[in-house]
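Geometric and topological summary
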Amino acid sequence: MRDEVSCDEVRELAPELALGTAPGEERARALQHLAVCSNCRRHLDELSGVADNLLLLAPAHEPPVGFESRVIDRISSGPRPPRWRRMLPAVVAAVLAAIAALALMYAASSEDRELAAHYRKALEQANGSYFGGLPLRDADGRRAGHVFAYAGSPSWVVVLLTGSTGSGTYAVELITREGANAQLGTVHVVNGRGTFGSTLPVGLRDVARIELIDRDGEDLLNAEFPSP
Amino acid sequence: MWSLSDESLLAGLASGDPESAAAFVRRFQARVFGLALTIVGDREYAQEVAQETFVRAWRYAAAYDSRRGRVATWLLRIARNVAIEAAHLRRFEPMDPEEIVKLPISSSDAGPEERTIAIDESQRLRQAIAVLPEEQRRALVMAAFYGWTSREISESEEIPLGTAKTRIRTAMLKLRSVLEVNDER
């Protein structure tokens, strides 16, 4: 992994970041810098304003008749947007222990056991910190697991699958409020169950959602983060 | 409904209020469809893009943060991303950048607070774009509307990657200085 990104590098990339065309890796590194540098954030905000105003230049056209009712139909028949409920502190400790236990249970190889021990250490540090759980839902709104997040330096997520997701390997991706993507890693699912943990390249309040994506690039599961 | 701010309509949409949802769509449908049409160039396709844009707006309404900009621009960003995802634009011939900058400003469907701000800003922006060197304008439009990366622009224009990045950056910085006189967010 490269060294810390400098302000100069981020300012050079800022126009592409603002336009949403910066390559993924560069974007992720820039986001880490932006999380701690208000000058660069201000610069990026200004350029984002320019990018936004460009979109306003496209002329308006009325869509064909019936457009509005077609949209309302789609909204009414689709699944409700997920609601988020913060877990009570008393429950948190129990859940943390459960995750750690599950992580150990599914640790087949010694490599996995090492990983599970790593989770446990990180989870222990989570005691007393902000902690929240979000449902992971499929396209039909059914819950397939949870994403547990805690704010720290760096922030962490643990993804726990407990539903009916098909066995296989899935990419775990983070989408920021700026619309940028960051690959967090992969999770192996066996009989609907799997666990995954990762530090985040951005602060928790910059996360819009976590996605699980299958081999075909299909967006399988989502956990929506509420706005801060 | 006609006097409600964009934010309150969006909040109504987010909470599932059907009247707010309908008013929200009516207020922005021309802008959203217009941008979709500009990018994908086909009416049928643009309709699908516009529909999907409102569905996503409903799903992600809770994620809207007014500190990041106006509702209209948030919505148009979604529209642009949907259009780019859906149309595999890297294979299409993008609309002639000259056409985009020639097109008249249409603000008749703007919400109440937009009426006074948008026209002046848009005029200044159009003028600033018009005086950009042609290659900078082209690179800017390719990136801003069609989501072309610097690498894709450099390959299409047959220029070094660094040159593509510089064209975009120079254009963006010029436009920023034009807008910063009256930056109201």
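Residues numbered from 1 in each chain as written. Chains lettered and ligands numbered in written order. Predicted model: local features only at pLDDT ≥ 70, side-chain atom pairs only at ≥ 80, totals over all residues. Heavy atoms only, no water.

**Notes on the overall build of chain A**
Counting secondary structure elements, chain A contains six helices and eight strands. Order of helices (α) and strands (β) in chain A, N terminus to C terminus: α-α-α-α-α-α-β-β-β-β-β-β-β-β. Intrachain contacts of chain A at a sequence separation of at least 6 include 56% that bridge at least 24 residues. When the accessible area of chain A is evaluated, it comes to approximately 11,400 Å², of which 50% is carbon and sulfur surface. (Helix = DSSP H or I, 4+ residues; strand = E, 2+ residues; numbered from the N terminus. Contact = heavy atoms within 4.5 Å. Areas by Shrake-Rupley, 256 points an atom, 1.4 Å probe, with all protein chains shown as cover.)

**Here we look at the interface of chain B and chain A**
The partner chain A presents 47 residues to the 60 residues of chain B that form the contact. Here chain B and chain A share an interface that buries about 5,200 Å² over both sides, 61% of which is from carbon and sulfur atoms. The tally of links between chain B and chain A comes to five salt bridges. Across the salt bridge formed by E68 of chain A and R26 of chain B, the nearest N and O atoms sit 3.1 Å from each other. Connecting chain B to chain A are 12 residue pairs in polar contact (both at pLDDT 80 or more). Going through the elements one at a time, α2 (18-40), α3 (43-60), α4 (71-87), α6 (112-130), α7 (134-146) and α9 (161-179) of chain B are the ones with two or more residues in the side of chain B that touches chain A. With 12 residues, α2 of chain B is the largest single contributor of residues to the side of chain B that touches chain A. Looking at the side of chain B that touches chain A residue by residue, the class counts come to 31 nonpolar, 13 polar and 16 charged. (Buried area = accessible area lost by both parts, 1.4 Å probe. Salt bridge = Lys/Arg side-chain N within 4 Å of Asp/Glu carboxyl O. Polar contact = N/O pair within 3.5 Å; in protein donor to acceptor, adjacent residues only side chain to side chain. Nonpolar A, V, L, I, M, F, W, Y, C, P; charged D, E, K, R; others polar.)

**Topic: the pattern of salt bridges**
Counted by the stated rule, this structure contains 14 salt bridges over all chains. The salt bridge involving R176 of chain B is made with E46 of chain A; its shortest N-O contact spans 2.9 Å. Of the two residues, R176 of chain B sits in helix α9 while E46 of chain A sits in helix α3 (residues 38-55), which places them in two different chains. When the shortest N-O distance is used, the salt bridge between R77 of chain B and D52 of chain A registers 2.7 Å. Linking R77 of chain B in helix α4 with D52 of chain A in helix α3, this pair reaches from one chain into another. Owing to a relative accessible area of 27%, R77 of chain B belongs among the partly exposed residues under this scheme. By relative accessible area, which is 5% here, D52 of chain A ends up buried. Three or more residues are tied together by salt bridges with common partners; here these are E134, R138, E157 and R167 of chain B. (Buried < 20%, exposed > 50% of the residue type's maximum accessible area, 1.4 Å probe, protein only.)

**As for the packing of aromatic side chains**
The way to describe two aromatic rings as a pair is by their centre distance and the angle between their planes. Residues and elements named next belong to chain B. Enumeration over the complete set of coordinates arrives at four aromatic pairs over all chains. Measuring from ring centre to ring centre gives 5.0 Å for F24 and F28, while their planes differ by 55°; the resulting arrangement is tilted. Highlighted residues: F24 and F28, both in helix α2, separated by four residues, approximately one helical turn. Of the residues examined, F24 reaches a relative accessible area of 0% and is grouped as buried. Here F28 falls in the buried class, since its relative accessible area comes to 3%. Between Y64 and W74 the ring centres are 5.4 Å apart and the planes differ by 65°, which places this aromatic pair in the edge-to-face class. Of the two residues, Y64 sits in the loop between α3 and α4 while W74 sits in helix α4, which places them 10 residues apart along the sequence. (Phe/Tyr/Trp six-rings, centres within 6.5 Å; stacked < 30°, edge-to-face > 60°.)

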